[in-house]
Amino acid sequence: MAALILLIAALLGINHWLLEPGIREAIAVLEFAGLPWLLLGLLAWLLAGRTSQG
């Protein structure tokens, strides 16, 4: 019985320390949290234009 309690405690600890931060990061990536910054960078790149060759 004690081994089962220790196993459950270990699994809950692994979930808390490893999986939850990873899930939070995955949600941020999937929700495109950085999309406004990406669009701002793209806009700046387009407004910068090309360098003259010659």
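Parameters at a glance
Residues numbered from 1 in each chain as written. Predicted model: local features only at pLDDT ≥ 70, side-chain atom pairs only at ≥ 80, totals over all residues. Heavy atoms only, no water. Helix = DSSP H or I, 4+ residues; strand = E, 2+ residues; numbered from the N terminus. Rg over C-alpha atoms; globule rule 2.2 N^0.38 Å. Buried < 20%, exposed > 50% of the residue type's maximum accessible area, 1.4 Å probe, protein only. Salt bridge = Lys/Arg side-chain N within 4 Å of Asp/Glu carboxyl O. Expected span 1.5 Å × (residues − 1). Bend = angle between axes of the 7 residues up to and from the residue.

Along the protein, the regular secondary structure elements total two helices and zero strands. Taken over the C-alpha trace, the protein has a radius of gyration of 23 Å; the compact-globule value for 54 residues is 10 Å, which it surpasses by more than 25%. Its C-alpha atoms give the protein principal-axis dimensions of about 80 × 20 × 10 Å. Taking all 54 residues of the protein together, 0% fall into the buried category.

Looking now at the pattern of salt bridges. As enumerated under the stated definition, the model contains one salt bridge in all. Here E20 makes a salt bridge to R24, at a shortest N to O gap of 4.0 Å. Residue E20 and its partner R24 are located together in helix α1 (residues 2-30), separated by four residues, close to a single helical turn.

Right, let's get into α1. The end-to-end C-alpha distance of α1, which contains 29 residues, comes to 40 Å, matching closely the 42 Å that a straight helix rising 1.5 Å per residue would cover. Along α1, the sharpest kink reaches roughly 35 degrees, centred on L19 and followed within four residues by the proline P21. In the segment just after α1, F32 is the residue with positive phi, at about 55 degrees.

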